[in-house]
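What follows is the residue order along each chain.
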Amino acid sequence: MAGPTWQRAESEVGTVAADASAGAPTRSEPTALRRVFGTWSLVMFGLAYLVPLTVFTTFGTVSKLTEGHVPLAYVVTSLAMLFTAASYARLVRRVPVAGSAFSYAGAAFGRRVGFITGWTLLLDYVLLPAINYLILGIYLGARFPAVAPAVWSLAAIGLVTALNVVGVDFVRRASVGLVVFQLIFAAVFVVAAFAHPGAVLTAGAFVAEPAIWPGVFAGAAVLCLSFLGFDAVSTLSEEARDPVRTVPRAIMLTTVIGGAIFIALAYAGASLLPDWRMIRASDSAGLELMQPLGPVMSAFFLAAYVSGCLASALVAQASVARVLFVMGRERVLPTSLFGVLSPRFQTPVRATLVVALLSVAALFVTLDTLASLISFGALFAFSLVNLAVPRLDALAAPDRSPVRVVGMAVVPGLGFAATLWLWFNLSALALTVGLAWLGAGVIYGLVGHDVADRAREALA
């Protein structure tokens, strides 16, 4: 088996040894991605991925879990994610490739752990485009009941898949425009909410009694899906200019800016609807929040929200296709299906089409279940990323003093503790399904690779 990408010089990233019998791409096929992203275009990509308006996606569900303390739940999640984002920023300097947590855990703990981490991360990466398609169908179906929600969802899948096949540069340009539109709406909404005569501006949304804190942590665990943007930025390391400098900056900026937007929008929403028991439909609570602001604001919201769903689906599908591409290139997934690029578009077309098909299947799952499963995969991968930092530090400088080692492990240690705590606050269903997915990955990672290796050796 060819050595993993993270062990090669950066100039060699994207090439693999020719091995026709194993289904590997030959050197005449494109395996290198185009470098088109700078710092702020990466930030826009990350913000498009996390969707500034995603607050309204889970506002109803998290309001009920936290008994109206959605802003506090976002504060908890934001603080926890900052530690993990710092770990990503450190790792991307050491492992500047497109595989995200898969590459980082593999570099630190070996290819089997890397595969298991990437496999678990795939749970949220594969489902995130689907949740955007599902939400888009729910909201447009509620606004235009003559058309079934599934029709809207399927149309969005077709459009986003076609755009991703064309190329990441188009995705970059489209995501910037869609994010700007969302940010304009977010600013208008916050001002309108605070100026509304019925708004209740109180610090109570940020203060919870001891009995409510378990619900706050449960809500914070669900909200982790809102912060996948910084992980998505790391998947573009092979398409960023000067990735050792631009990608770490973009990761931290995406996390800080995204967290601030989430908290502001959540507080504005809680001010408009101070009694969480008034929410009638959790899945479309955003529409209920807009009603006090009038029909014009409701229409503005729907347009911005649909734009946000499309932007997130666009970049989510691009990111998961690249994770699948790297896992295929490293031969931990079928190389002939995932590890090759289109000669015409220089994009992972086959991986993109697989994600589209999985998104169609996921449309039959409920919104709450999808949100919890996405958070399961994210939190598991985030935990391994935090553990990978001290491990790679130790490998890079084995003679470093114990005091220095402990000092450098503080931030990733806090990130690991925070993500592990949130992980155990997920719902029983999310833990059950997620652990089953993890178990399947462990079995394949420990057994399937050995079988595949022996088969390649026999064919060689």
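Scroll up a little and you will see the structure.
Every value quoted in this text rests on a predicted model; they were computed, and no experiment measured them.

### Section: the overall build of the chain
Line of reasoning, step 1. Looking only at helices and strands, the chain features 17 helices and 0 strands.
Line of reasoning, step 2. When each of the 460 residues of the chain is scored for burial, the buried share is 58%.
Line of reasoning, step 3. Accessible surface computed for the chain: about 17200 Å², of which carbon and sulfur atoms make up 70%.

### Considering the nonpolar core
Line of reasoning, step 1. In terms of nonpolar packing, the biggest core is built from 139 residues, with Tyr49, Leu53, Phe56, Met81, Phe185, Phe189 and Leu265 touching the most fellow members.
Line of reasoning, step 2. In terms of residues, this core owes the most to one element, helix α12 (residues 295–329), which gives 19 residues.
Line of reasoning, step 3. In this view, methionine 81 contacts Cys224, Phe227, Phe230, Thr255, Leu379, Phe382, Thr419 and Leu422; residues no more than four positions away in its chain are not counted.

### Describing the layout of surface pockets
Empty pockets left among the atoms are what a rolling probe the size of a water molecule brings to light.
Line of reasoning, step 1. Space inside the largest pocket adds up to approximately 290 Å³.
Line of reasoning, step 2. Taken together, 17 residues line the largest pocket, and the ones lying closest to its centre are Leu122, Leu123, Val126, Leu358 and Trp437.
Line of reasoning, step 3. For the lining of the largest pocket, the per-class residue count stands at 17 nonpolar, no polar and no charged.
Line of reasoning, step 4. Quantified by volume, the second largest pocket comes out at close to 210 Å³.
Line of reasoning, step 5. Elements that contribute at least two residues to the lining of the second largest pocket include exactly α2 (55–66), α3 (70–94) and α10 (243–272).
Line of reasoning, step 6. Examining the composition of the lining of the second largest pocket, we find that 3 residues originate from one element, α10, more than from any other.

### So, empty space enclosed by the protein
Line of reasoning, step 1. Throughout the structure, instances matching the rule amount to 1 cavity of 30 Å³ or more.
Line of reasoning, step 2. Along the wall of the largest cavity there are 14 residues; nearest its centre are Leu50, Val51, Thr54, Asn132 and Ser312.
Line of reasoning, step 3. When contributions to the lining of the largest cavity are tallied by element, the ones reaching two or more residues are α1 (39–50), α5 (111–143) and α12.
Line of reasoning, step 4. Element by element, the count of residues in the lining of the largest cavity is highest for α5, at 4 residues.

### Here we look at the pattern of salt bridges
Line of reasoning, step 1. Applying the stated criterion across every chain, the model contains 2 salt bridges.
Line of reasoning, step 2. A salt bridge links aspartate 242 to arginine 245; the nearest nitrogen and oxygen atoms lie 2.8 Å apart.
Line of reasoning, step 3. For arginine 245, a relative accessible area of 40% corresponds to the partly exposed category.
Line of reasoning, step 4. Its salt-bridge partner being arginine 277, residue aspartate 275 comes within 3.0 Å of it at the nearest N-O pair.

### A word on the packing of helix α4 (residues 101–109) against α5
Line of reasoning, step 1. As a packed pair, α4 and α5 sit with axes 7 Å apart at the nearest point and diverge in direction by 160°. Considering the angle they form, α4 stands roughly antiparallel to α5. You can see that α4 and α5 cross each other, and the crossing is right-handed. Listed contacts from α5 to Ala101, Phe102, Ala105, Gly106 and Phe109 of α4 are Arg111, Val113, Gly114, Phe115, Thr117, Gly118 and Leu121.

What counts as what
- Throughout this description, residue numbers start from 1 for each chain and increase along the sequence as written.
- Only residues with pLDDT of 70 or above have their local features reported here, since the model is predicted, and side-chain atom pairs are shown and tallied only from 80 upward, although totals for entire chains, interfaces and linings are computed over all residues.
- As a convention, hydrogens and water are excluded, and side-chain values are obtained from all of the structure's heavy atoms.
- A run of DSSP states H or I qualifies as a helix once it reaches four residues; a run of E qualifies as a strand once it reaches two. Both are numbered from the N-terminal end.
- Throughout, exposure labels follow a simple rule: accessible area from a 1.4 Å probe, protein chains only, divided by the maximum for the residue type, with under 20% read as buried, over 50% as exposed, and the rest as partly exposed.
- The Shrake-Rupley method, run with a 1.4 Å probe sphere, supplies the accessible areas, and residue values consider only the shown protein chains as cover.
- Here the nonpolar core consists of buried residues drawn from Ala, Val, Leu, Ile, Met, Phe, Trp, Tyr and Cys, with membership extended through side-chain atoms lying within 4.5 Å.
- Two residues qualify as a contact provided that any one of their heavy atoms is within 4.5 Å of a heavy atom in the partner residue.
- Using protein atoms alone on a 1 Å grid, points that fit a 1.4 Å probe yet trap it form a cavity, whereas open point sets bounded by protein on both sides within 12 Å along at least five of seven lines form a pocket; residues with an atom within 4 Å of a point count as lining.
- Grid points are joined across faces, edges and corners, and a volume is the space filled by probe spheres set on the points.
- When residue character is reported, Ala, Val, Leu, Ile, Met, Phe, Trp, Tyr, Cys and Pro are called nonpolar, Asp, Glu, Lys and Arg charged, and the others, Gly included, polar.
- For this document, the term salt bridge refers to a Lys or Arg side-chain nitrogen within 4 Å of an Asp or Glu carboxyl oxygen.
- Structural elements are reduced to axes, namely lines fitted to C-alpha atoms, with helices fitted over the stretch in contact, and the angle between N-to-C directions of any two is expressed from 0 to 180 degrees.
- Any angle that falls under 35 degrees is termed roughly parallel, while one over 145 is termed roughly antiparallel, one within 65 to 115 roughly perpendicular, and all others oblique.
- By the definition used in this description, the sense in which the near helix is turned from the far one sets the handedness, with an anticlockwise turn below a right angle giving left-handed and a clockwise turn giving right-handed.

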